[in-house]
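# Examination of the molecular architecture
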Amino acid sequence: MVAKLFASGDLRADRRAEFAETLAHLGDIDAAVDVLRGALEIVPTWGAGWFRLGEYLERAGDRDGAAKAWGRAVQEQPDDPFGAGLRRDLLRDQPLSDTMPPAFVEMLFDQYAPRFEASLLEHLDYQGPQIIEDAVAQLSDLPVERALDLGCGTGLIGPVLRPHCTHLTGIDLSQAMLEEARAKGVYDVLEKADIQDMPISPDRYGLIVASDVFNYLGALERIVGWCAASLSPDGALIFTVEQAQGRDVTLRSTRRFAHGRDYLVTLLDQAGFARVELCDVVLRQDRGADVRGFCVRAEVLRGQGRSQGDGEAQVPMGAV
């Protein structure tokens, strides 16, 4: 049966889509494309159907047709819960997306939540908690009054931060992930929010951490600006990202973004951070290969704000 999330609302179209799925499973992609096109003639506004058609066409080697189908999926569902825009842009020489659609990220992690930690820790050798623990240990002003786990997920980083703060807040876009985090009993406050669209609040944090979160954002100007405005004058921002080979931001085939060293250093300097360190780390395994990244630690000089002169971001000798 076609999953409820993908249902068109028309039984005739759904039955055709089910038949197309069977044909695709049997390896007859051309026939699957024809059958699914017939379903889309019945319900031409069916975003999920256009997304699936793009997948079939890509398997059939029709990259242009796949890109057009994914573009139509975005047209029909502008919130893009399937990440069709990312799939479309990956087929182009110059990707257009600079972030992941929040609806796509929310759906992805709502579905992933029950098996998230087992997948990361048992199958992907995820190093996030240890990387963050090592970075936090290098801070001089601990403990802090308030800490924020930005994109906290199931709360893997919570136990790392809890000993170093009086009050710990976690924010995530996925309600299912937040429920997993709540069960740990580590956080004082857990909130559901899109971290790309949060207002500046009067609360200030001594420490903000984002472990493997910015991989899903691409352009980081908005969120880094929010963090700079939300930190106390002597606060620190620690985050990890996948490491790009070039200078800027790259959309990978995994539909995650990677970030270059020069991009990060320049951005953090512009945001007012006076001390910036990048460490070369291995975040996890992917199909037996290391996923290399940066652990970034950025601090603002005590008593200084952006308007008082930020100083230059510094990368220590040996940092990658």
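Note: the structure precedes this text.
Below is a summary of the structure that appears in this document. Please read all numbers here as calculations on a predicted model, not as lab measurements.

## Some points on helix α11 (residues 221-230)
Within α11, the full set of buried residues consists of I223, V224, W226, C227 and S230. On an axial view of α11, the arc spanned by its buried residues comes to 155 degrees, and they lie on one face. The elements touched by buried residues of α11 are β1 (144-150), β4 (205-210), β5 (231-243) and α12 (261-270).

## A word on the packing of helix α2 (residues 29-42) against helix α3 (residues 47-59)
Between two packed helices, the angle of one axis relative to the other and the distance separating the axes together describe the packing. It is the contact of α2 with α3, at a shortest axis distance of 9 Å, that shows an interaxial angle of 160 degrees. Classified by the angle their axes make, α2 and α3 are roughly antiparallel. As for how α2 packs across α3, the hand of that crossing is left-handed. Contact with α2, carried on its side by I29, A32, V33, L36, R37 and L40, involves G49, W50, R52, L53, Y56, L57 and R59 of α3 and no other residues of that element. Across the contact of α2 with α3, the residue classes tally to 9 nonpolar, 1 polar and 3 charged.

## Some points on the pairing of strand β3 (residues 189-192)
Bridge analysis of strand β2 (residues 165-172) against β3 gives 4 bridges, and the strand direction is parallel. In the sheet register, D172 faces β3, and the bridge partner there is K192. Between the parallel pair β2 and β3, the chain is carried across by helix α10 (residues 175-182), and the sense of this crossover is right-handed.

## Comments concerning helix α8 (residues 128-137)
Every buried residue belonging to α8 is among G128, P129, I131, I132, A135 and V136, and all of these are buried. Considered in projection along α8, the buried side chains sweep an arc of 165 degrees and stay on one side of the axis. On the buried face of α8, the contacting elements are α9 (158-161), β4, β5, β8 (275-286) and β9 (289-299).

## Structural notes on the packing of helix α1 (residues 11-25) against α3
Between α1 and α3, the least distance of the axes is 12 Å, while the angle of their chain directions is 25 degrees. Classed by the angle they form, the pair α1 and α3 counts as roughly parallel. α1 and α3 meet at a crossing whose hand is left-handed. Facing A20, E21 and A24 of α1, the residues of α3 in contact are R52, Y56 and R59.

## Here's the deal with the pattern of salt bridges
Tallying each qualifying case throughout the model produces 19 salt bridges. A salt bridge links R87 to E55; its shortest N-O distance comes to 3.4 Å. Taken together, the positions of R87 in helix α5 (residues 84-90) and E55 in helix α3 put the pair 32 residues apart, joining distant regions of the chain. The exposure class assigned to R87 is buried, which follows from its relative accessible area of 16%. What makes E55 buried here is its relative accessible area of 19%. Here E242 ties to R256 by a salt bridge, and the two come within 2.7 Å at their closest N and O atoms.

## Side note on the pairing of β5
Taken across its 13 residues, β5 has 11 buried, putting it largely inside the fold. In this sheet, β5 lies alongside β4 in parallel orientation, the contact comprising 5 bridges. Of the residues in β5, the one forming a bridge with I208 is L237. Bridge count for β5 against β9 is 7 bridges, and the pairing is antiparallel. Following the sheet pairing, A236 is matched in β9 by E299. When β5 meets strand β7 (residues 257-259), the two strands line up parallel, connected through 2 bridges. By the bridge assignment for β7, E242 is matched with A258.

## Observations concerning the environment of S211
With respect to the helices, strands and loops of the structure, S211 is situated in the loop between β4 and α11. Here S211 falls in the buried class, since its relative accessible area comes to 9%. Here the alpha-carbon distance between S211 and I131, two residues 80 residues apart in the chain, equals 8.9 Å. At a separation of 2.8 Å, a polar atom in the side chain of S211 contacts the side chain of Y126.

## Here we look at the nonpolar core
One finds L150, F214, I223 and F273 to be the most contacted residues of the largest nonpolar core, which totals 33 residues. Considering each element in turn, this core owes the most residues, 5 residues, to α12. In contact with F214, other than residues within four places in its own chain, are L150, L220, I223, F239, V241 and H259. Grouped together as the second largest cluster of nonpolar side chains are 31 residues, L23, V43, A66 and A69 included.

What counts, and where the lines are drawn
- One numbering rule holds for all chains: residues counted from 1, following each sequence as written.
- At least 70 in pLDDT is required for a residue's local features to be given in this predicted model, at least 80 for side-chain atom pairs to be given and counted, and no such filter applies to totals for whole chains, interfaces and linings, which use all residues.
- By convention in this description, side-chain values take in all heavy atoms of the structure and omit both hydrogens and water.
- Burial classification: accessible surface area is computed with a 1.4 Å probe over protein chains only, and a residue below 20% of its type maximum counts as buried, one above 50% as exposed, and the rest as partly exposed.
- A run of H or I in DSSP becomes a helix once it reaches four residues, and a run of E becomes a strand once it reaches two; helices and strands are each numbered from the N terminus.
- Starting at the helix axis, one direction is taken to each C-beta atom, and the arc is that of these directions.
- Residue contacts follow a heavy-atom distance rule, with two residues in contact if any of their heavy atoms lie within 4.5 Å.
- Geometry is summarised by axes, namely lines fitted to C-alpha atoms with helices restricted to the contacting stretch, and by angles between N-to-C directions that run from 0 to 180 degrees.
- Orientation labels follow simple angle bins: below 35 degrees gives roughly parallel, above 145 gives roughly antiparallel, 65 to 115 gives roughly perpendicular, and whatever is left gives oblique.
- Each crossing gets its hand from how the near helix is turned against the far one by less than a right angle, where anticlockwise is left-handed and clockwise is right-handed.
- The classification used treats Ala, Val, Leu, Ile, Met, Phe, Trp, Tyr, Cys and Pro as nonpolar, Asp, Glu, Lys and Arg as charged, and all other residues, Gly among them, as polar.
- Strands are labelled as partners when DSSP assigns at least two bridges between them.
- Classification remark: right-handed applies to a crossover when, strands pointing away from the viewer, the course from the first strand over the helix to the second runs clockwise.
- Just to be clear on terms, a salt bridge is a Lys or Arg side-chain nitrogen sitting within 4 Å of an Asp or Glu carboxyl oxygen.
- Any pair of N or O atoms that falls within 3.5 Å is considered a polar contact. Within protein, one atom must be able to donate a hydrogen and the other to accept it, and sequence-neighbouring residues count only if both atoms are side-chain atoms.
- Among buried residues, the Ala, Val, Leu, Ile, Met, Phe, Trp, Tyr and Cys ones that are joined through side-chain atoms within 4.5 Å form a nonpolar core.

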